[in-house]
Amino acid sequence: QVQLVESGGGLVQAGGSLRLSCAVSGPTFTFSRYGLGWFRQAPGKEREFIAAIKWSDRSFDYADSVKGRFTISGDTAKSTLYLQMNSLKVEDTAVYYCAATGSYPRQLPKSNLGYGYWGQGTQVTVSS
């Protein structure tokens, strides 16, 4: 079992920055065992893949919409996943979720169907 709790969301002007945090815990959790990802969902829209990391081989993936602006990282000592968001746009407004795959994924999935554990989400609102 894996538990995830997001924090760090809020209101920011376009062009600004935010760093989201995801505290991860569980009796079997280690960064090397699971793939970890960030998704977002706006009202009335599908949940959208943002970024993912497979710590065991330092594999990363990003959605085209956030490449060059967002960075996914982790701190193993704090058992925390991060999403650094720079150059924010109004269209980045959404609820942001962190998620974990099952154990030892072969690849990093980009679909929400590839993740079995989810946090409750944190709201990010970008104003013009």
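Being a predicted model, the structure only gives us computed values, none of them experimental. (Residues numbered from 1 in each chain as written. Predicted model: local features only at pLDDT ≥ 70, side-chain atom pairs only at ≥ 80, totals over all residues. Heavy atoms only, no water.)

Student: Hey, could you go over the overall build of the protein chain for me, with residue numbers and the actual values?
Tutor: Secondary structure summary: the protein chain contains 0 helices and 11 strands in total. Ordered by position from the N terminus, the helices and strands of the protein chain form the series β-β-β-β-β-β-β-β-β-β-β. A compact globule built from 128 residues should have a C-alpha radius of gyration of about 14 Å, and the protein chain, at 14 Å, falls within 12% of that. C-alpha extents for the protein chain along the principal axes are approximately 40 × 25 × 25 Å. Across the 128 residues that make up the protein chain, the buried fraction comes to 43%. Taking as baseline every contact in the protein chain between residues at least 6 positions apart, the subset at least 24 positions apart corresponds to 60%. Of the roughly 6600 Å² of accessible surface on the protein chain, a fraction of 47% belongs to carbon and sulfur atoms. Between the centroid of the 13 positive side chains of the protein chain and the centroid of its 9 negative side chains there is a distance of 4 Å. (Helix = DSSP H or I, 4+ residues; strand = E, 2+ residues; numbered from the N terminus. Rg over C-alpha atoms; globule rule 2.2 N^0.38 Å. Buried < 20%, exposed > 50% of the residue type's maximum accessible area, 1.4 Å probe, protein only. Contact = heavy atoms within 4.5 Å. Areas by Shrake-Rupley, 256 points an atom, 1.4 Å probe, with all protein chains shown as cover. Lys, Arg positive; Asp, Glu negative; His and termini not counted. Charge placed at Lys NZ, Arg CZ, Asp CG, Glu CD.)

Student: Let's hear about the pairing of strand β6 (residues 59–62): which residues, and what values?
Tutor: Two strands pair when backbone bridges link them, and strand β5 (residues 48–54) and β6 are joined in this way by 4 bridges, in the antiparallel orientation. Residue pairing in the sheet places Lys54 in a bridge with Ser59 of β6. As consecutive antiparallel partners, β5 and β6 are separated by 4 residues, and within that stretch Arg58 has a phi angle of approximately 55°, a positive value. (Pairing = 2+ DSSP bridges.)

Student: Describe the nonpolar core, listing the residues and the values that go with them.
Tutor: By size, the foremost hydrophobic cluster in this structure holds 38 residues, and its most contacted members are Trp38, Leu83 and Met85. Listing elements by their share of this core, those giving two or more residues are β3 (18–25), β4 (34–41), β5, β7 (70–75), β8 (80–85), β9 (94–103) and β11 (122–127). For Met85, the residues in contact, after removing those within four places along its chain, are Gly16, Ser17, Leu18, Leu20, Arg69, Phe70, Tyr96 and Val124. (Core = buried A, V, L, I, M, F, W, Y, C linked by side-chain atoms within 4.5 Å.)

Student: Help me get a handle on the environment of Gln1, residues and values and all.
Tutor: Mapped onto the fold, Gln1 is located in the segment before β1 (3–7). Spatially, the C-alpha atom of Gln1 lies 6.9 Å from that of Pro27, the residues being 26 residues apart in sequence. Residues contacting Gln1, with those up to four places away along its chain left out, are Ser25, Gly26, Pro27, Thr28 and Tyr117.

Student: Requested: an account of the state of the cysteines, with residues and values cited.
Tutor: Here the structure, examined in full by the defined rule, presents 1 disulfide. Paired through a disulfide, Cys22 and Cys98 show a sulfur-sulfur distance of 2.0 Å. Across the S-S bond linking Cys22 and Cys98, the dihedral sits near 70°, which makes this disulfide right-handed. With a gap of 76 residues between them, Cys22 in strand β3 and Cys98 in strand β9 connect regions that are remote in the sequence. Given a relative accessible area of 0%, Cys98 falls into the buried group. (Disulfide = S-S within 2.5 Å.)

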